[in-house]
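# Observations on the three-dimensional arrangement
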Amino acid sequence: MLKRIIKKSLIAVLTVFAIVTVSFLMVRFMPGDTLIHLVGADRYYELLEDSPKQLEHIAELYGLNDPLWKQYLKYLKSIVTLDFGIAYSNHLPVLDNVLSCARWTLILSVPTFIIGGFLGAVAGVLAGWKPGGAFDRIMTPVMIFVNTVPTYCIGIIFLVVFAFKNGWFPVNGMTNGTSTGIARILDIMWHAALPLCLLVMFRTAGNFLLMKSNVSQVRSEEYVTTAYSKGLTEKKVLFRHVMKNAMVPYVTSLCMQLGSLLSGSMMLEVIFGWKGMGNLFYSAVNSRDYPTAQLCFMISAVCIVAGTLLSDIVISFIDPRVKDAIDEY
Amino acid sequence: MLELKNVSVEFISASSVRAVDGVSMVLRDGSRTAIVGETGSGKSILMLSIMRLLASNAAISGEILLDGEDILKADRKRLQQIRGGIISYVPQGGGASMNPLLKVGFQVGEPLMEHRGVSRREAEKKSIGLLKFFNLGDEERLAKSYPHTFSGGMRQRAMVAMGISAGARIILADEPTKGLDEKRVALVTDTFNRLKDETLLVVTHDMTFAQKVAQDICVMYASQQVEYGTASQIIGDPLHPYTRDMISAMPENGMKYDDRGFAPSHEEDVKGCRYSQRCHECMEKCSEMPPVADVNGHKVRCWKYAV
């Protein structure tokens, strides 16, 4: 088992290595001067006219005059030393920008993960356990609607109704910037209320549909009939036999969601002016801030690889069939 | 004693389907009965209807009397007492019959915890003894193993152990030899023959197995009971043409088989005897439904024996 986990981890490390390499090659092989992508088109032409020497200096800094393999080694070294360059949007180190935005994203994504994971599971179990019942008939269409309508549609409606028209919540931003201490925490919570509500809604809807389908499928399994035939109460059949099995794919999905904690919700962060990772990535792509976009892309990819690895490990502990298959592998 | 009186099962949907049609039989205490018939004849549905384990759209009519008490009128609480405590259902030992995430020892001992108030540890300990009774081999390790590590035959024997763990006195077994090779069928047969005091009702399409484990045999065809008698009557002197055809198709009788198609589906509206389409002794009268005739205690639904 331990051997298999180590093997899986090594594969994950190799995957990350491949992502890092692709990210390096993408910039080098994009049409045009590589410097355009590294300093931004506007600044590139500005420097080309006003100070070609500085441009030369930047090229030297990134080692663009060196052979490709040398550049690659330098690039790998910069990743290991967490030196991801300077963002040309605000001329600050990319890492500082990203860390600051990650903090704001986590304020939204961690509660979304916990509340959405819990509500989706509970509601999904209730609907899947009694399919066709009143709860199922009301909840399923609502959840399908929430799950399929684009995020920005409901986001804008919420913004118009609860922020513009009624003024119950701020239109955008994360804080008023003046308060301190507990007042600041409450202020952030007030600013986060609308986007958080929406994120929880979307996450709950997705989780609800998954859990409902798991429970409906498991309750028609033969071993559930066996459980009833032993004279078990409905509650024991549900908790001991149905939920335990329905949780296996659900836990896999939660682990994958854990992997996307840091990538943030691009649309909602943009709509609500929330300076999180999604918003940062969006602005970086829009302003062709390649170093920032590159790090956002890498973080997102690494998190997904980590989430997949985590789900593999967790499932092998929950499901003995998976554990045995892994041991035999 | 378990007595079935004119039991019918109908599945209500856009078009209603009658899966079991007027079955009657008596299971005396300690008796051993087999229900035989081909796939779709209603055997398993009949068994599940005794346990009241059918889907909610199944309408069961008639009477199922457990020592005079009609199970069809039992409330949920009483049903929970009956299931596993008095009547046990042993499903087919396929891969899906046991919970894949729970250890076999726990699952075998679960009825004990439910009906006898035994602790989990005690129930698991007793389950080892039950597995030993059925001679599974290396029982302590097996009790701690998960169902997917068991072969079909082992799982089937563990299911029987589960069936009797809480002391149920009536065992209903659904196709216990399905998908098993000859050696494993012999092991399962031995398992059932170790049950001395329990009343046994076993559903099978394996006539040889039925002959080895049962005293009485009920033959079902297209949702109807076509013949019911002792095993020696059914095997030695079959009356219904279907039973005769089935017995001559047994491997030991040379597998003589006339290809006359399949039994009518539940949706098909067959007037008269349901076997008439395949029967080589079909008469004009067979276009009407034959009554159940009693030939020296041997019941048969065929015009040949109707008075």
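Residues numbered from 1 in each chain as written. Chains lettered and ligands numbered in written order. Predicted model: local features only at pLDDT ≥ 70, side-chain atom pairs only at ≥ 80, totals over all residues. Heavy atoms only, no water.

This paragraph deals with the interface of chain A and chain B. On the chain B side, the residues contacting the 23 residues of chain A number 30 residues. Here chain A meets chain B over a buried area of about 2,200 Å², counting both sides, of which 59% is carbon and sulfur. The largest contributions to the chain A side of the interface with chain B come from E222(A), S229(A) and K230(A), which together make up 26% of the buried area. Put simply, chain A and chain B have three salt bridges between them. Here E110(B) ties to R240(A) by a salt bridge, and the two come within 2.7 Å at their closest N and O atoms. (Contact = heavy atoms within 4.5 Å. Buried area = accessible area lost by both parts, 1.4 Å probe. Salt bridge = Lys/Arg side-chain N within 4 Å of Asp/Glu carboxyl O.)

All names here are of chain B. One pass over the structure, following the stated rule, counts 23 salt bridges over all chains. One salt bridge connects R169 with D67, and the closest N-O pair in it is separated by 2.7 Å. Residue R169 is located in the loop between α6 (152-164) and β7 (170-174), and its partner D67 is located in the loop between β4 (58-66) and β5 (69-70); the two are separated by 102 residues in the primary sequence. A relative accessible area of 35% places R169 in the partly exposed class. For R141, the salt bridge goes to D138, with nearest N and O atoms at 2.7 Å. Through salt bridges that share partners, E10, R18, D21 and R274 make up one connected network. (Helix = DSSP H or I, 4+ residues; strand = E, 2+ residues; numbered from the N terminus. Buried < 20%, exposed > 50% of the residue type's maximum accessible area, 1.4 Å probe, protein only.)

What follows deals with a nonpolar patch on the surface. Residue and element names in this part refer to chain A. Together, L106, V110, I114, I115, F118, L119, V122, L126 and F135 make up a nonpolar patch on the protein surface, roughly 760 Å² of accessible area in all. Examining the composition of the nonpolar patch, we find that eight residues originate from one element, helix α6 (residues 94-129), more than from any other. Assignment of secondary structure puts F135 in helix α7 (residues 134-148). (Patch = residues over 30% accessible without salt bridge, like charges linked within 9 Å, V, L, I, M, F, W, Y side chains within 5 Å. Areas by Shrake-Rupley, 256 points an atom, 1.4 Å probe, with all protein chains shown as cover.)

Let's shift gears to the pairing of β7(B). All names here are of chain B. In terms of burial, β7 is largely enclosed, as five of its five residues are buried. Of the two faces of β7, both are covered, the one formed by I170, L172 and D174 as well as the one formed by I171 and A173. Two strands pair when backbone bridges link them, and strand β6 (residues 87-90) and β7 are joined in this way by four bridges, in the parallel orientation. When the bridges of β7 are listed, S88 appears paired with I171. Pairing of β7 with strand β8 (residues 199-204), which is carried by five bridges, proceeds in the parallel orientation. By the bridge assignment, I171 is partnered in β8 with L200. Taking the sense of rotation as the criterion, the β-α-β connection linking β7, helix α7 (residues 182-193) and β8 turns out right-handed. (Pairing = 2+ DSSP bridges. Right-handed = clockwise from strand over helix to strand, strands pointing away.)

On to the nonpolar core, then. In this structure, L2(B), M25(B), L46(B) and I87(B) are the most contacted members of the largest nonpolar core, which totals 56 residues. Here this core gets seven residues from one element, more than from any other, and that element is helix α11 (residues 234-259) of chain A. With residues near it in sequence (within four places) discarded, L46(B) still touches L4(B), V7(B), V20(B), V23(B), M25(B), I35(B) and M220(B). In this structure, L131(B), L200(B), Y221(B) and C279(B) belong to the second largest nonpolar core, which totals 52 residues. (Core = buried A, V, L, I, M, F, W, Y, C linked by side-chain atoms within 4.5 Å.)

All names here are of chain B. Where strand β10 (residues 224-230) meets strand β12 (residues 298-301), two bridges bridge the pair, whose relative direction is antiparallel. Bridged to E227 within β12 is V300. Note that strand β11 (residues 292-295) and β12 share four bridges and pair antiparallel. Paired with V292 across the bridge in β12 is R301. In textbook terms, the turn of a hairpin is the stretch between consecutive antiparallel strands, and for β11 and β12 this stretch comprises two residues, one of which, N296, has a positive phi near 50°.

Our next topic: the packing of aromatic side chains. Residue and element names in this part refer to chain A. Taken as a whole, this structure holds eleven aromatic pairs over all chains when the rule is applied. Aromatic side chains F17 and Y72 sit 6.5 Å apart centroid to centroid with 65° between the ring planes, which places their arrangement in the edge-to-face category. A residue pair is termed long-range when its members are at least 10 positions apart, and F17 in helix α1 (residues 2-29) and Y72 in helix α5 (residues 68-80) qualify at 55 residues. Members of the aromatic cluster, joined through ring pairs, are F17, F24, Y72 and Y75. Positioned over the ring face of W129 is R219, at 5.9 Å from the centre of the ring. (Phe/Tyr/Trp six-rings, centres within 6.5 Å; stacked < 30°, edge-to-face > 60°. Lys NZ or Arg CZ within 6 Å of the ring centre and 35° of its normal.)

The geometry of α11(A) relative to helix α3 (residues 104-116) of chain B is characterised by a closest axis approach of 14 Å and an angle of 160° between their N-to-C directions. Taken together, the axes of α11(A) and α3(B) are roughly antiparallel relative to one another. In this structure, α11(A) crosses over α3(B), and the sense of that crossing is right-handed. Counted together, K236(A), R240(A) and H241(A) of α11(A) and F106(B), E110(B), M113(B) and E114(B) of α3(B) form the full contact between these two elements. Taken together, the residues that form the contact of α11(A) with α3(B) break down as two nonpolar, one polar and four charged. (Axes fitted to C-alpha atoms, helices over the stretch in contact; angles between N-to-C directions. Parallel < 35°, antiparallel > 145°, perpendicular 65-115°, else oblique. Left-handed = near helix turned anticlockwise from the far one by under 90°. Nonpolar A, V, L, I, M, F, W, Y, C, P; charged D, E, K, R; others polar.)

Right, let's get into α6(B). Between its first and last C-alpha atoms α6(B) spans 19 Å; for 13 residues at 1.5 Å apiece the expected length is 18 Å, and the two agree. All buried positions along α6(B) are accounted for by G153(B), M154(B), R155(B), Q156(B), R157(B), A158(B), M159(B), V160(B), A161(B), M162(B), G163(B) and I164(B). (Expected span 1.5 Å × (residues − 1).)

A word on a negative patch on the surface. On the surface, D42(A), E46(A), E49(A) and D50(A) cluster together into a patch of negative charge. Turning to its location among the elements, E49(A) is positioned in helix α3 (residues 41-50). (Lys, Arg positive; Asp, Glu negative; His and termini not counted. Charge placed at Lys NZ, Arg CZ, Asp CG, Glu CD.)

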